[in-house]
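# Observations on chain architecture
Each chain is listed here by its residues.
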Amino acid sequence: MIDIHCHILPEVDDGPPSWEMALEMCRMAAADGIEHIVATPHANDRYAYDRNYLSGLREHLQELTGEKPRLGLGCDFHMSFENVQDAMINPARYLIEGGSYLLVELSNFSIPPQIDESYERMRQVGITPIITHPERNPILQRTPERVLDWVEIGCAVQVTASAFSGRWGRAATQMAEWLLKSEAVHVLASDAHNLKSRPPNLSQARDAVAKLCGQDVAKALVEDNPRAVITGQRMPYFPEVTRKS
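Throughout what follows, the structure given in this document is the object of discussion.

## Description of the sheet that holds strand β5 (residues 76–78)
Spatial ordering of the open sheet is given by β3-β5-β6-β7-β8-β9, a layout of 6 strands whose pairing is parallel. Strands at the two margins of the open sheet, each flanked by one partner only, are β3 (42–43) and β9 (187–189). With 4 bridges joining them, strand β6 (residues 101–105) and strand β7 (residues 128–132) adopt parallel strand pairing. Bridge assignment links V104 to a residue of β7, and that residue is I131.

Okay, here's the thing in structure tokens:
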């Protein structure tokens, strides 16, 4: 399996506070069957995003970890005006492994009215936004159809693996399942931050999705599509969304 959203680098954001914990998270992920992790530090007003510095940390963690899991680099990109403007000028600074995909995070408190235009602009310059954990966003929980609209203009959707186990509450679980049944989930990722409350595990969610939608869809969400993300290829599983009247 491949985890494209994981706060695995130590001492840079609200992820692991030490190298020891980062290493243990890598071991835990490998034991769960995760062979490749994309390190995704926050890029927002609270945490500065220095790609060169973070690349050095990734390389050092890879040296300490060994061959498995393999480690790549992206970011957890907050959709602020300043960030979007910079991404238009310097996309490679933020994209996952220098490809074409960008993890984009929306605020839980407000979604800017120009968000649709921002996604369109990104698509026009070759960036494919991957909307992270919409099932956990209280605004989108009330307006889930907006997520389907964004998928229809070419955005992808990443759901948190632990949403299927109830970690984020009933509303998040229900929305995750609703998105899945609407064929608007393209990737499962851990969004791990630590060893206990937010660990780097995907297998439980993969199995839950297999029960709901079958083995092929489950495999697509943790293997096929994430592999396309880290290689900059088109996602092989990207069905048309299903809207219920």
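The structure having been displayed, the exposition proceeds.
## A few points about the sheet that holds strand β1 (residues 2–6)
Pairing within the open sheet is parallel, and its 3 strands lie in the order β1-β2-β4. The open sheet is flanked by β1 and β4 (70–73), the only strands paired with a single partner. Taking the axes of each pair of neighbouring strands and ignoring which way they run, one obtains an average angle of 25 degrees across the sheet. As paired strands, β1 and strand β2 (residues 36–39) are joined by 3 bridges and run parallel to one another. Residue I2 lies in a different strand from β2, and its bridge partner there is H36.

## A few points about helix α2 (residues 51–65)
Note on helix geometry: an α-helix contains 3.6 residues per turn, so any two residues three or four positions apart are oriented the same way. With 15 residues, α2 should cover 21 Å at 1.5 Å per step; its first-to-last C-alpha distance of 21 Å lies within 8% of that length. Burial in α2 covers these residues: R51, L54, L57, R58, L61 and Q62. One side of α2 holds all its buried residues, which, seen down the axis, span an arc of 140 degrees. For α2, the exposed residues set more than 90 degrees away from the buried face come down to N52 and E63.

## With respect to the environment of P199
For P199, the location among the structural elements is in the loop between β9 and α8 (203–213). You can call P199 partly exposed: its relative accessible area is 22%. Sequence separation between P199 and M28 is 171 residues, and the spatial gap between their C-alpha atoms is 8.0 Å. Ignoring anything within four residues of it in the chain, the contact list for P199 reads M28, S190, A192 and N194.

## Structural notes on unusual backbone geometry
For the bond from K68 to P69, the omega torsion is -5 degrees, close enough to zero to count as cis. Topologically, P69 is positioned in the loop between α2 and β4. Phi angles above zero are rare outside glycine, and H133 is one such case at about 35 degrees. The class of H133 is buried, set by a relative accessible area of 7%. The residue E183 is not glycine, and still its phi comes out positive at about 60 degrees. Locating E183 in the fold gives a position in the loop between α7 (170–181) and β9.

## Structural notes on the side chain of T160
Mapping T160 onto the fold places it in strand β8 (residues 156–160). Classification of T160 as buried rests on a relative accessible area of 0%. Dropping the residues within four chain positions of it, T160 is found in contact with H133, E135, R136, W168, A189, S190 and D191.

## Topic: helix α4 (residues 115–124)
All of the buried residues along α4 are I115, S118, Y119 and M122. Angularly, the buried residues of α4 cover 100 degrees about the axis, an arc narrow enough to put them on a single face. Exposed positions of α4 whose direction lies more than 90 degrees from the buried face are E117 and Q124. Where α4 is buried, its residues meet β5, α3 (81–89), β6, β7 and α6 (145–152). One or two steps after α4, the chain reaches G126, where phi turns positive at roughly 90 degrees.

Calculation rules
Residues numbered from 1 in each chain as written. Predicted model: local features only at pLDDT ≥ 70, side-chain atom pairs only at ≥ 80, totals over all residues. Heavy atoms only, no water. Pairing = 2+ DSSP bridges. Helix = DSSP H or I, 4+ residues; strand = E, 2+ residues; numbered from the N terminus. Axes fitted to C-alpha atoms, helices over the stretch in contact; angles between N-to-C directions. Expected span 1.5 Å × (residues − 1). Buried < 20%, exposed > 50% of the residue type's maximum accessible area, 1.4 Å probe, protein only. Arc of directions from axis to C-beta. Contact = heavy atoms within 4.5 Å.

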